Amino acid sequence: MNAINLLRQGVTCRNLIKDYGSGSAMVHALRGVNIDINPGELTLLVGPSGCGKTTLISILAATLDPTSGELSVLGMDLPHLTKFQKAAFRARNVGFVFQQFNLLPALTAAENVAVPLVINGSAKCPAVARAMEMLAAVGLADRCHSLPAQLSGGQQQRVAIARAMIHEPRLLVCDEPTSSIDAKTGQTIMELIRKEAVKPDRVAVIVTHDARVYDFGDRIITLEDGVVANDRRAPARATSSNAIVEPSAVLAPVSPLAIVAGRS
Amino acid sequence: MTWIALRMLTGDRSKYYAIIFGVTFACFLITEQSAIFCGVMQRTTSQIQDTHGADIWVMNPNARYIDDLKAISDDAVFRVRGVTGVSWALNLYRGQGQAQLSNGNYQGLILLGIDDATLVGAPTQMLVGKIGDLQRPDAILVDEAGYRQMWPGEPLRTGKVIEMNDRRAVVVGVYRASQTFMTQPVIYTRFSQATLFIPPARRMMPFVLVKCAPGNSTVEVARRIEADIGLKAQTRDEFSWMTMSYYLQHTGIPVNFGTTVILAFLVGCAVAGQTFYLFTVENLKQFGTLKAMGMNDQRVVAMILIQALVVAAIGYGFGVGLATLYGMFAQRAMPLLAFFLPWQVLAITAVAVLFISLLSSLLSIRRVLVLEPAAVFQG
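Residues numbered from 1 in each chain as written. Chains lettered and ligands numbered in written order. Predicted model: local features only at pLDDT ≥ 70, side-chain atom pairs only at ≥ 80, totals over all residues.

Time to look at the overall build of chain B. Scanning chain B from N- to C-terminus turns up 12 helices and 10 strands. Taken over the C-alpha trace, chain B has a radius of gyration of 29 Å; the compact-globule value for 379 residues is 21 Å, which it surpasses by more than 25%. Projecting the C-alpha coordinates of chain B onto the three principal axes gives extents of approximately 95 × 50 × 30 Å. Among the 379 residues that make up chain B, the fraction classed as buried is 44%. (Helix = DSSP H or I, 4+ residues; strand = E, 2+ residues; numbered from the N terminus. Rg over C-alpha atoms; globule rule 2.2 N^0.38 Å. Buried ≥ 20, exposed ≤ 12 C-beta atoms within 10 Å, placed from the backbone.)

Set out below in structure tokens:
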């Protein structure tokens, strides 16, 4: 096993590089990202547009291959998996919450929530029954049979969260989950994500522009121009046991390379 | 997974109906044009089909189709009767005649002379008069379309008189015949009478009609006749196919209709392919979401194929149904319309529609397969 996999079953990136295009048109989206994300904490990926947030989350979710570097997610050496294995990895281990909700418009809320179970081989009826329980858990018991178009933005995002969590994934990735909804609903959504996603065996990563949700994160990683520019722990939620960043470093910018060097 | 594919397909009703319409339209065009082609081809054999009672047609070895009139010797009928397995054999005259109508006009026609004694081969659907009346002097039977051609606007009745070869011929009956390939009236009379209605020739008989004895294979008896007396002997089906083959090979009908059918196929491909492709492209975000959530390419392909097959099945049903209704109603309104829908046309249309649907889905599949799951994060 690669040494990197000896680390805890969270997310570990070493010198992660991602380039798009070639020659003079080449774009360096990630220029050597080094981070460790532990289970049991809610990590926010923030930064200006074009800094590489979406690219990084895409790579962590096994939907995109890095150009080079080492990457371990939940103990899996993702870059060396086949396309088929990556799909299976995502189906079993990853829950997605998208900015635009990405619900299937022809399916009811319950059916949408049931989709990950169906992808994992479950039959429709038991999957929908379980989906209705999940919808009840996110406060939408009475909207199980509504189509997405009949739901408000906040309700659709709650359906999306239920869908992301129904198969109990060990990695939750959220792409701007509050950007398409109002502030109050956004707060509700973040509380829901914290409640459902932050578990000891679960890694949760949220990409966001929305500074109002920073308070919900345990840790905030700032990307700039394809590298980690800042890595800090939110004071209210700081923990010491698993922290990659030492408590003394809370709120102080930390060099990712220094973090890695310190651990090894 | 199937239910997700079907719900995606039917979720947007307007797109769903557009795809169904495209496949239905293609299917209708292919079926309708093919059926008209078959109808035209079938008309080349209408007189073979309308000559009831005979199993085998015996003719000159060089005859190539029913209108290729090459006389055989008058004693051929006696020699055929001597072949094992033949129950009876009778003369059938068929030739081109010319009639002078009471208004002075001339009309070309097809003249059929059947056995004087038995009247075997006579038409069966009489509209006016009786077949037995053919035994009367100068008697002829005229087909309905021919009657209306010679006496337009007049009610069907007996007693009409024409002249053929300076001889008087009296209409004693009007029958319903299959539409012919040519537009000429088809006149039935007795064999002996027929020889008087056309200018004399040394040999006049082109066909001998044969009925097989019970327990004998029609094909075997035909081959035996050919072997024993050296004439061409064709079963009813063989003679029909031989006639159709001649028209297929020596006329522009297949090329002209083939062009139309191919055009219908291409239009169908374009309409169905474009609508299905656009449907998939507009659903790329949904497929991308499914791929991101872990659905592998094989299952995505299966979903698209299921959608294509469902569209093909529904479009086929509607298309064939519409073509059938068109055939039924159009033939009532336009009796001259040739429309024949054998099972082979239905099978060919099914294959064509399946091909159209699979082709259009393949274009869509390619688009979905190259879609990176990460694209779903980029809106």
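Okay, helix α7 (residues 218–229) of chain B next. Residues and elements named next belong to chain B. With 12 residues, α7 ought to run about 16 Å at 1.5 Å a step, and its terminal C-alpha atoms sit 16 Å apart, in line with that. Buried residues of α7: Val221, Ala222 and Ile225, and no others. When α7 is viewed along its axis, its buried side chains cluster within an angular range of 105° and face the same direction. Structural note: α7 exposes Glu220 and Ala227 on the side pointing more than 90 degrees away from its buried face. Summarising the contacts, the buried residues of α7 are in contact with β1 (56–59), α4 (76–81), β2 (86–100), β9 (207–212) and β10 (232–235). Just downstream of α7 lies Gly230, where phi reads positive at about 75°. (Expected span 1.5 Å × (residues − 1). Arc of directions from axis to C-beta. Contact = placed C-beta atoms within 7 Å.)

Residues and elements named next belong to chain A. If you walk across this open sheet you meet the six strands as β6-β7-β8-β3-β9-β10, and the pairing is mixed. Edge positions in the open sheet fall to β6 (94–97) and β10 (227–233), since each of these has one partner strand only. This sheet shows a mean twist of 20° between the axes of neighbouring strands, independent of strand direction. Of the pairings in the sheet, the one linking strand β3 (residues 42–46) to strand β8 (residues 203–207) comprises four bridges and is parallel in character. Within β8, the residue paired with Leu44 across the bridge is Ile206. Taken strand by strand, helix α5 (residues 153–165) contacts β6 and β7 (171–175), and its axis lies near 170° from that of β6. (Pairing = 2+ DSSP bridges. Axes fitted to C-alpha atoms, helices over the stretch in contact; angles between N-to-C directions.)

The next subject is the interface of chain B and chain A. At the interface, 21 residues of chain B touch 24 residues of chain A. In terms of residues, the side of chain B that touches chain A owes the most to one element, helix α1 (residues 2–11) of chain B, which gives five residues.

Turning our eyes to something else, we now look at the sheet that holds strand β4 (residues 68–73) of chain A. Strands belonging to one sheet form pairs held by backbone hydrogen bonds; the direction of such a pair is parallel or antiparallel. Residue and element names in this part refer to chain A. Strand order in this open sheet of four strands is β2-β1-β4-β5, and the pairing throughout is antiparallel. Edge positions in the open sheet fall to β2 (27–37) and β5 (76–77), since each of these has one partner strand only. As defined by bridge partners, strand β1 (residues 11–20) adjoins β4 across five bridges and the pair is classed as antiparallel. Bridged to Thr12 within β4 is Ser72.

On to the pairing of β10(A), then. All names here are of chain A. Taken together, the six bridges between strand β9 (residues 219–224) and β10 define a ladder with antiparallel strand orientation. Paired with Arg219 across the bridge in β10 is Arg233. Taken together, β9 and the strand that follows it, β10, pair antiparallel across an intervening segment of two residues, in which Asp225 is found at a positive phi of about 50°.

What follows deals with the packing of helix α3 (residues 109–119) of chain A against helix α4 (residues 124–137) of chain A. Residues and elements named next belong to chain A. Two numbers describe how α3 lies on α4: the axes approach to 8 Å, and their chain directions differ by 120°. As far as their axial angle goes, α4 and α3 are oblique. Of the two elements, α3 crosses α4, and the hand of that crossing is right-handed. Contacts between α3 and α4 involve Ala109, Ala110, Glu111, Val113, Ala114, Leu117 and Val118 from the former and Lys124, Ala127, Val128, Arg130, Ala131, Met132, Met134 and Leu135 from the latter. Of the residues in the contact of α3 with α4, the class split is 12 nonpolar, no polar and three charged. (Parallel < 35°, antiparallel > 145°, perpendicular 65-115°, else oblique. Left-handed = near helix turned anticlockwise from the far one by under 90°. Nonpolar A, V, L, I, M, F, W, Y, C, P; charged D, E, K, R; others polar.)

Moving on to the domain arrangement of chain B. Entries for chain B in the domain assignment read domain 1 (2–43 + 252–378) and domain 2 (73–230). Once you take the C-alpha centre of each, domain 1 of chain B and domain 2 of chain B turn out to be 48 Å apart. (Domains from an automatic or database assignment.)

All right, on to the packing of helix α2 (residues 13–43) of chain B against helix α12 (residues 343–369) of chain B then. Residue and element names in this part refer to chain B. Between α2 and α12, the shortest axis-to-axis distance is 10 Å and the interhelical angle comes to 150°. Judged by the angle between their axes, α2 and α12 are roughly antiparallel. Between α2 and α12 the crossing geometry is right-handed. From α2, Val23, Ala26, Cys27, Ile30, Thr31, Ser34, Ala35 and Cys38 reach across to α12, where they touch Val345, Ile348, Thr349, Ala352, Val353, Ile356 and Ser357. A breakdown of the residues in the contact of α2 with α12 according to their chemical character gives 11 nonpolar, four polar and no charged.

Next up on the list: the confidence of the model for chain A. All names here are of chain A. Summarising the model, chain A shows a mean pLDDT of 82, and 86% of its residues fall at 70 or more. Element-level pLDDT for chain A is lowest in helix α7 (residues 256–263), with a mean of 35, against a maximum mean of 95 in α3. Of the regions scoring below 50 in pLDDT, residues 1–7 engages in 12 contacts with residues more than four places distant in sequence or in other chains. Low pLDDT (under 50) marks residues 238–264, which in the prediction has 35 contacts with non-local residues, meaning those over four places away or in another chain. (pLDDT = per-residue confidence, 0-100.)

Next up on the list: the nonpolar core. Ranked by internal contacts, the top residues of the largest apolar core, which has 127 residues, are A:Leu45, A:Val113, A:Leu135, A:Val173, B:Val23 and B:Ala26. Of the residues forming this core, the biggest block, 14 residues, is contributed by α2(B). In this structure B:Val23 touches B:Ala272, B:Val311, B:Ala312, B:Gly315, B:Gly319, B:Val353, B:Ile356 and B:Ser357, once residues within four positions along its chain are discounted. B:Leu90, B:Leu109, B:Val174 and B:Ala233 belong to the second largest nonpolar core, which has 59 residues in total. (Core = buried A, V, L, I, M, F, W, Y, C linked by C-beta atoms within 7 Å.)

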